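Reading the structure
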Amino acid sequence: MKRTYSITNICLIVFAFVFSSNTSAIELPQEKVHAGHKLLDDWDTEAAENFTNKLLKKYPKSGDAYFLKARVEFLKGNHELAAKILKQVTGSHSEVHELKNLVYNTHEETKLFITSGSEHFIYRYKKGPDEILVHYATKVLEKSYETLGNIFNYYPKEKVLVEFYPNKESLSKISPLTLNDIATSGTVALCKYNRIMMISPGSLVRGYNWMDTLSHEYIHYILSKKSKNNLPLWMHEGIAKYFEARWRNNHEYLTPVMETMLAGGLQKNYLISLQDMMPSLAKLKTAEDVQLAYAEVSSMIKYITQTHGDEIISTLLERLSGEESFEFVMFDILGTNLDIFQKKWKHFVKQKKLKSIPGLKPPGIHFKASRSSDEPIREYREIDNRKSRDLTFLGDVLQSRNFYKAALIEYQRAIEQSKIFSPILHNKLAKAHLITKEYNKAEIILNRSLYHYPMFHSTLANLGELYFDMGDIKKSHDFYERAIHINPFNPFVHMRLMAIYQKLGWEEQQKLQTKLFGHINH
């Protein structure tokens, strides 16, 4: 149940036969080979590099030593150098081909990336609009560095590498995630190979909650480093989900969708077992299962910390780094085994009287056909119910022809026909009320949608516009700020914020917003 690179779990003696014209079959002592790979399993790249360099001096023709060196450079983020080193390693072993494919694909996808950084992080991304991500990533990650460092008593000495990939195809080529995994589970980021990798929110129609996701993946980084990759997957995901919003001082961990999924799972006696969460939540069959699994494991962490305090996590990680078994550490610290713990957790969570909201389901992620395309987004295509979809299309046509009252009727009918709560439909209805200056009605509809889906970009932007029209500049600013954190590629939100800063006389903020807008205004 470790979040480790699978190649290191294979018997390493096979690499004694890996060689090319530049290397030989000189066999390293197996304890040396295992020791090198163990350091890399622990993501202790500094110790692994020193160890491997000594091996290369003593065994300059060894294929095993070169293979270790390639892994070191890959984990350090030196993809080009790792690829060059691997050209000196040949062999028919599947493990060699696996690492070569991974390194070559990563180098190919990142060779045109540019680099910038903040105090504790390095950012790589494709030149162009994605440069805007650096400003917001720095905001969340540097705050996470301090806040989470205090919680987990761990501050990485090295700068943490973060790579932003321009689209889902690119991420799927350099990770275990398939395109189907991404589409089904909604997974858009991962922490693996000693770094954070994420799909740019610019490739999605409305962006996504990428800033909390960044903090979530950074938590995975901390957990992997501090435990030396000895933390079970379920607890990895539970801790990351439970603490992902702490950087913004938010202690909520169950979204309405997660709470609904967990309430329904408990009622129907349908839960995702900890074993079935392996090897990754991204591999679960449906988005509903993913949200249910997150609800389970994050509420397990709530149960643990409510009893023992947040500091118990740091203690557990320190113990695991000493290679004590998880079962022993859990019993020693929590006074229970995993089976009894799960029974107690189930009793705990049943006492919470969770809310199950009818018609609530994961909103899904929706990618643009092309990031460079100017084709208008046809949101009605995202609506599952055919009757609702047809009525929405009709409402869109009527609204485009300025028949706003008629459009309102069709949007309301579309909502009534839908069996699920659609934030798209509620935003269309609210927008029509906003156009007709029926502010109270628009506000009620938008707040209802916000309660169910608090990170839906359209809701936040429309609330920003509602309060802008009503002259409540403070509220307008707050919602537009939240909207831009979800989708920093929406030009209208940038323009509204620039106008708000001008109204408020905030010159520095206006200059910064204008600069950020320049990244996407090409």
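Here's what I pulled together on the structure shown here. Here the structure is a predicted model, which is why all the values come from computation and not from measurement. (Residues numbered from 1 in each chain as written. Predicted model: local features only at pLDDT ≥ 70, side-chain atom pairs only at ≥ 80, totals over all residues. Heavy atoms only, no water.)

For the rest of this paragraph, the subject is the overall build of the protein. Looking only at helices and strands, one finds 23 helices and 5 strands in the protein. Relative to a compact globule of 522 residues, whose C-alpha radius of gyration would be 24 Å, the protein shows 25 Å and is just as compact. Across its three principal axes, the protein shows a C-alpha extent of roughly 80 × 55 × 45 Å. Of all 522 residues assigned to the protein, the portion counted as buried reaches 57%. (Helix = DSSP H or I, 4+ residues; strand = E, 2+ residues; numbered from the N terminus. Rg over C-alpha atoms; globule rule 2.2 N^0.38 Å. Buried < 20%, exposed > 50% of the residue type's maximum accessible area, 1.4 Å probe, protein only.)

This part takes up the packing of helix H12 (residues 287-308) against helix H13 (residues 311-321). It is the contact of H12 with H13, at a shortest axis distance of 8 Å, that shows an interaxial angle of 105°. With respect to their mutual orientation, H12 and H13 come out roughly perpendicular. Between H12 and H13, the residues in contact are Ile301, Ile304, Thr305 and His308 and Glu311, Ile312 and Ile313, respectively. Within the contact of H12 with H13, the residues separate by chemical class into 4 nonpolar, 2 polar and 1 charged. (Axes fitted to C-alpha atoms, helices over the stretch in contact; angles between N-to-C directions. Parallel < 35°, antiparallel > 145°, perpendicular 65-115°, else oblique. Contact = heavy atoms within 4.5 Å. Nonpolar A, V, L, I, M, F, W, Y, C, P; charged D, E, K, R; others polar.)

As a further point, take the pattern of salt bridges. Applying the stated criterion across every chain, the model contains 29 salt bridges. Notably, a salt bridge pairs Glu73 with Lys76, separated by 4.0 Å at the nearest N-O pair. Among the residues examined, Glu73 registers a relative accessible area of 3% and is labelled buried. Among the ionic pairs, Glu108 bridges to Lys111, the shortest N-O distance being 3.0 Å. Accessibility expressed as a relative area gives 46% for Lys111, which makes it partly exposed. Because the salt bridges share partners, they merge into one network encompassing Glu49, Lys69, Glu73 and Lys76. (Salt bridge = Lys/Arg side-chain N within 4 Å of Asp/Glu carboxyl O.)

The end-to-end C-alpha distance of H12, which contains 22 residues, comes to 32 Å, matching closely the 32 Å that a straight helix rising 1.5 Å per residue would cover. The buried fraction of H12 amounts to 17 of the 22 residues, a majority that puts the element mostly inside the structure. With its phi angle positive at about 90°, Gly309 sits one or two positions after the end of H12. (Expected span 1.5 Å × (residues − 1).)

Formed by 164 residues in total, the largest nonpolar core has its most connected members in Phe164, Trp210, Leu214, Tyr218, Ile239 and Phe243. The greatest single-element share of this core, amounting to 11 residues, is contributed by helix H6 (residues 132-152). Non-local contacts of Phe164, meaning those with residues more than four positions away in its chain, are made with Phe113, Tyr123, Arg124, Tyr125, Lys126, Leu133, Ala137, Met198, Trp210 and Leu214. (Core = buried A, V, L, I, M, F, W, Y, C linked by side-chain atoms within 4.5 Å.)

We now examine the packing of aromatic side chains. One pass over the full model with this rule turns up 18 aromatic pairs. Site record: aromatic cluster; members linked through ring pairs are Trp43, Phe121, Tyr145, Tyr155, Tyr218 and Tyr221. The aromatic ring of Phe74 is capped on one face by Arg195, whose charged end is 4.7 Å from the ring centroid. Sitting above the plane of the Phe489 ring, Arg371 keeps its charged end 5.3 Å from the centroid. (Phe/Tyr/Trp six-rings, centres within 6.5 Å; stacked < 30°, edge-to-face > 60°. Lys NZ or Arg CZ within 6 Å of the ring centre and 35° of its normal.)

Any functional reading would require information beyond the geometric quantities listed.
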